[in-house]
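Single-letter residue listing:
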Amino acid sequence: MSDAMTETLPPGSVTPLCSGPPELSYPGLSPQLLARVKQLWSARGLDFDPCWRAGIRSLPGFHPVPRFDSSTNSAAVDLVFLFDQAMLWIRAMHAATATGHAHGVAGLTPDQWHGLAGITARLTEQLSALRLLALTGLPMPAMQIARAISEDVDMALVLLIRPKLAQRFALCRSAEDTNDFWRRHIAGGRAFKAIAEKLYGVGIDHSADTDYAKWRRSVLTTLSTAVHSNILSAADTGHSPNKALLNDDSIYFATYRVHELCAYAQLVTPDLTDWQRRTGELAPDSFAPLAAPLSAILINQIQSLSSPVSPRIRSAQAPRH
């Protein structure tokens, strides 16, 4: 996060009680954003507070947003709040896809259900880890995880688009098989190319020469420096030699990509909401019933991501869709 956001909790600080309202974990949160989110949930018959406690407060290593100078604007805190909404949707999608696979729900092939359940489980772990790292001021590992999250978002979309590819993924039986699959079909922008071709068919141009594709390549190149940077230089300075992305940028990019997954999944799979509702009915005591209504809420919130926190990203902000 920004310098103000990486401060440790002051001595005597108390982590909000599990039964406390969510806003206690986001000191400085914009009242307008909180009210808007709760209104969106209420309009769909959902109670935000208990869902947040079950889906976010219960995360391993949960950490509230540290307090910062009250004169600073709320953008950094608002971003974490929106990130947590995205994580709730991923958890709901995992429950829905796992249920779809277990019950053989029509709409996707068994291999697609299986693959999506695995990818959303991994995304849940990655987002949880990124959250903890960002809130405790560890930018390099946060950058590494943000890069992996972006690849898994592409993977999830490819599984929706190409059932035969989902079948090949399901046939992987070893680490070598999985690495070979990833190298052939996902790494190096291969998955994004397939996604861009599909999106072009529904009126969204993400071809290689568009502003969006250039922005995406730029961010992913910077994220990759956290994986391939000079370790000794990083140890000397306490940070990556390339400081183009820090914690707030990793949080922003991960949040943006999950929102894209939510929106694009519905474009490439028109019946998505219908099968989400069916899986919710089959597993009423899980997160699955949240998948369909949360999809609409997340798409409604995309406009709130129009202004990244970091001035570095703001100068090369993702083009509007």
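The preceding data block contains the structure.
Caption draft 1: How the structure looks around the environment of serine 250. With respect to the secondary-structure elements, serine 250 resides in helix 11 (residues 247-268). A residue is classified by how much of its surface remains accessible, and serine 250, at 0% relative accessible area, is buried.

Caption draft 2: Seen up close, the pattern of salt bridges. If you walk through the whole model with that rule in mind, you get 9 salt bridges. Between aspartate 84 and arginine 131 there is a salt bridge whose closest N-O contact spans 2.9 Å. Pair noted here: aspartate 84 is in helix 3 (residues 75-103) and arginine 131 is in helix 4 (residues 110-135), with a separation of 47 residues, a long-range link. We note a salt bridge from aspartate 180 to arginine 184, for which the minimum N-O separation is 2.9 Å. Within this pair, aspartate 180 and its partner arginine 184 are both found in helix 7 (residues 175-185), separated by 4 residues, close to a single helical turn. Its relative accessible area of 26% is what places aspartate 180 among the partly exposed residues. On the basis of relative accessible area, arginine 184 is assigned to the exposed category, the value being 55%.

Caption draft 3: Here's a closer look at the nonpolar core. Counting residues in hydrophobic clusters, the biggest one holds 85 residues, and the most contacted among them are Tyr26, Trp41 and Trp89. Element by element, the count of residues in this core is highest for helix 3, at 15 residues.

Caption draft 4: The side chain of threonine 255, seen in detail. Summarising the element assignment, threonine 255 is placed in helix 11. Those residues in contact with threonine 255, other than ones at most four positions away along the chain, are Leu79, Leu82, Phe83, Ala86 and Leu305.

Caption draft 5: Structural view of the packing of helix 12 (residues 272-282) against helix 13 (residues 291-301). One way to put it is that helix 12 packs onto helix 13 with a least axis distance of 7 Å and a crossing angle of 140°. The angle between helix 12 and helix 13 places the two elements in the oblique class. Taking contact as the criterion, the partners of Thr273, Gln276 and Arg277 in helix 12 are, on helix 13, Ala291, Ala292 and Ser295. Here the contact of helix 12 with helix 13 is built from residues that sort into 2 nonpolar, 3 polar and 1 charged.

Caption draft 6: Seen up close, the side chain of aspartate 84. Aspartate 84 sits in the buried class, given a relative accessible area of 0%. Setting aside anything within four residues of it in sequence, one finds aspartate 84 in contact with Tyr26, Trp52, Ile56 and Arg131.

Quick notes on the rules
- Residues numbered from 1 in each chain as written.
- Predicted model: local features only at pLDDT ≥ 70, side-chain atom pairs only at ≥ 80, totals over all residues.
- Heavy atoms only, no water.
- Helix = DSSP H or I, 4+ residues; strand = E, 2+ residues; numbered from the N terminus.
- Buried < 20%, exposed > 50% of the residue type's maximum accessible area, 1.4 Å probe, protein only.
- Salt bridge = Lys/Arg side-chain N within 4 Å of Asp/Glu carboxyl O.
- Core = buried A, V, L, I, M, F, W, Y, C linked by side-chain atoms within 4.5 Å.
- Contact = heavy atoms within 4.5 Å.
- Axes fitted to C-alpha atoms, helices over the stretch in contact; angles between N-to-C directions.
- Parallel < 35°, antiparallel > 145°, perpendicular 65-115°, else oblique.
- Nonpolar A, V, L, I, M, F, W, Y, C, P; charged D, E, K, R; others polar.

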